[in-house]
Amino acid sequence: MPANLPSPDSLIDALAEQIAPHITPECALVGIHTGGVWIMEALAERLKLDIPRAVLDIAFYRDDFSRIGLHPQTKPSHIPFEVEDRRILLLDDVLFTGRTTRAALNLLFDYGRPAAIRLAVLVDRGGRELPFCADFVGLRLELPADEHISLQKNDSDGLHFVMKRKA
Amino acid sequence: MSANPQLTEDGRLRHLLTLEGLPARILTQILDTAASFIAVSAQERDVKKVPLLRGKAIFNIFFENSTRTRTTFEIAAKRLSADVVNLNINASSQSKGETLLDTVANLSAMQADMFIVRHAAAGASHLIARHVAPHISVINAGDGRCAHPTQGLLDMYTLRHYKGAFHNLRVAIVGDVLHSRVARSQIHALTTLGCPEVRVVAPRTLLPRDVQNLGVHVFHKMSEGLRDVDAVLMLRLQNERMRGSRLPSAGEYYKHWGLTPDKLKLARPDAIVMHPGPMNRGVEIDSAVADGMQSVILSQVTFGIAVRMAVMSLLAGAGATGAQT
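**A word on the overall build of chain A**
Along the backbone of chain A there are four helices and seven strands. Beginning at the N terminus, the succession of helices and strands in chain A can be written as α-β-α-β-α-β-α-β-β-β-β. Computed over its C-alpha atoms, the radius of gyration of chain A comes to 16 Å, within 12% of the 15 Å expected for a compact globule of 167 residues. Here the C-alpha coordinates of chain A stretch approximately 45 × 40 × 30 Å along the principal axes. Across the 167 residues that make up chain A, the buried fraction comes to 49%. The long-range share in chain A, meaning contacts at least 24 apart out of those at least 6 apart in sequence, stands at 68%.

Written out as structure tokens, the structure is:
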């Protein structure tokens, strides 16, 4: 485990700086449940963004349903704007295999044909299994495949990273 | 072997045959999952389906006619991207003498993944569930007077949607309880989910003799049974299941047991009115109530699709063995 991982808040600052020049009134933010949604809220606050926002739960689009079944806590996706011809900034906490990104793209296309989708992630940890790369990245890491990094949130100290090694 | 044939050894839903004996945890999981499926039918979506059951074959086997129930199962399956085959058996092989299990064995050989079964005989879906291959799930879409679990679940979804919770509800189930599989499923679900006061309101001739054992309060007068309830769950008068003369006439039934605006005034002002359909207007329910402000009957139909999607996807995922990541 990297000893001095930057704080999520400092990485959101870095991400905000990268994204800011690309935000136009035609843009919309789309956060993937749950980490991507926290990042979306933080970015909107930092950049004082007044553009539409959506929340995606990709449970119904996962490619491992037949192996692991339905996720126990699915949330409804909520997209309160027309996806058709929209420029979308897709937000996730960690980019790993790329399978979540694949599911999110399929979900968005079931709502319409966007003009463009850009991907912003807090951490790109390597280990891709599908041909995706992010347009905006807060931090690049090369973690071993059995190492797991996730973003968590609690009331006392806000956003923080949790590292786990798979058994 | 798990004690409850509806659950896997690790407690996941394997078949849905009856709500009796299902833990509150499972009922709540179905209702919560259904809530996420509501949005799949939303207008804002170009494609009103999700790919969850892509490549799965679902067989609607109806030994007894029911256009509405069959259609809502069919829509639910299609919104999950499954392939659906509809079979009305009373019109085909059964009349040629094929047994129930032979019919099912033949359909299994056609690579079915799920059977949705409607049958006039109580226990038909239980029998099928005992004999299918391990990867096949069975949903009871109504068996005799016994159970209609997805109707019971969609009624619970509707109640929770409008009333928020069960722990403070007073609910009246009104009408032909004797012949109603819907009433049995509703009673089991309501008691499991912690509804403190479930009433049944019916003439003595339309109540099962052992109804009190189900944990309900029995009323024989609308004027008493409807007082201060939060929801009125009407039942259809099952003319086709009546043998002999349990009732004087439809007009007489309406006079005493039909839900009119005047009788509804006895319930709480914010009470909702539900009905599983199809309605006999002017028999068990007045049109002014059925189409009135307190009626949520059409919402029940909409919620029914999401609830059936939830049941199907939980069943289809129950065979999964890997760990959740």
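**Section: the packing of helix H1 (residues 8–19) of chain A against helix H2 (residues 35–46) of chain A**
All names here are of chain A. Two elements in contact, H1 and H2, have axes separated by 10 Å at closest approach and are oriented at 60°. For the pair H1 and H2, the sense of crossing is right-handed. Seen from H1, the contacting residues are Asp9, Ile12, Asp13, Leu15, Ala16 and Ile19; seen from H2, they are Ile39, Ala42, Leu43 and Arg46. Here the residues of the contact of H1 with H2 are counted per class, giving seven nonpolar, no polar and three charged.

**Brief notes about the interface of chain B and chain A**
Listed per partner, the contact involves 26 residues of chain B and 23 residues of chain A. When chain B packs against chain A, the two sides together hide about 2,000 Å² of surface, and 56% of this comes from carbon and sulfur. Linking chain B with chain A are one salt bridge, by the criterion used here. For the salt bridge of Asp110 of chain A with Arg45 of chain B, the shortest nitrogen-to-oxygen distance reads 3.4 Å. Across the chain B-chain A interface, the total number found is six residue pairs in polar contact (both at pLDDT 80 or more). Of all elements in the fold, only helix H1 (24–37) and helix H11 (297–318) of chain B reach the threshold of two or more residues within the side of chain B that touches chain A. Residue composition of the side of chain B that touches chain A, grouped by class: 13 nonpolar, eight polar and five charged.

**Side note on the sheet that holds strand E5 (residues 170–174) of chain B**
Residue and element names in this part refer to chain B. Reading across from one edge, E7-E6-E5-E8-E9 is the order of the five strands in this open sheet, with parallel pairing throughout. In this open sheet, the two strands that pair with only one neighbour each are strand E7 (217–219) and strand E9 (272–274). Neighbour-to-neighbour, the strand axes of this sheet turn through a mean angle of 20°, independent of strand direction. Two elements, strand E6 (residues 197–201) and E7, share three bridges in a ladder whose sense is parallel. Looking at E7, one finds that Arg199 is bridged to His217. Its contacts with the sheet place helix H6 (residues 181–192) against E5, E6 and strand E8 (231–234), and it is angled at close to 170° to E5.

**A short note on the state of the cysteines**
All names here are of chain A. If you walk through the whole model with that rule in mind, you get zero disulfides over all chains. Free cysteine: Cys133, not disulfide-bonded; nearest cysteine sulfur from Cys27 at 18 Å. Looking at Cys133, the relative accessible area reads 61%, which means it is exposed.

**Quick word on the sheet that holds strand E4 (residues 116–124) of chain A**
Remark on secondary structure: sheet strands pair via backbone hydrogen bonds, oriented parallel or antiparallel. Residue and element names in this part refer to chain A. In space, the five strands of this open sheet follow the order E2-E1-E3-E4-E5, with parallel pairing throughout. Each having just a single partner strand, strand E2 (53–56) and strand E5 (136–140) make up the two edges of the open sheet. For this sheet the average axis-to-axis angle between neighbouring strands, irrespective of direction, equals 20°. Pairing of E4 with E5, which is carried by four bridges, proceeds in the parallel orientation. Each bridged residue has a counterpart across the sheet, and for Val123 the counterpart in E5 is Leu139. Against the sheet, H2 contacts strand E1 (27–32), E2, strand E3 (87–95) and E4, and its axis sits at roughly 140° relative to E1. Against the sheet, helix H4 (residues 99–109) makes contact with E1, E2, E3 and E4, and its axis sits at roughly 155° relative to E3, the strand it touches most.

Conventions used here
Residues numbered from 1 in each chain as written. Chains lettered and ligands numbered in written order. Predicted model: local features only at pLDDT ≥ 70, side-chain atom pairs only at ≥ 80, totals over all residues. Heavy atoms only, no water. Helix = DSSP H or I, 4+ residues; strand = E, 2+ residues; numbered from the N terminus. Rg over C-alpha atoms; globule rule 2.2 N^0.38 Å. Buried < 20%, exposed > 50% of the residue type's maximum accessible area, 1.4 Å probe, protein only. Contact = heavy atoms within 4.5 Å. Axes fitted to C-alpha atoms, helices over the stretch in contact; angles between N-to-C directions. Left-handed = near helix turned anticlockwise from the far one by under 90°. Nonpolar A, V, L, I, M, F, W, Y, C, P; charged D, E, K, R; others polar. Buried area = accessible area lost by both parts, 1.4 Å probe. Salt bridge = Lys/Arg side-chain N within 4 Å of Asp/Glu carboxyl O. Polar contact = N/O pair within 3.5 Å; in protein donor to acceptor, adjacent residues only side chain to side chain. Pairing = 2+ DSSP bridges. Disulfide = S-S within 2.5 Å.

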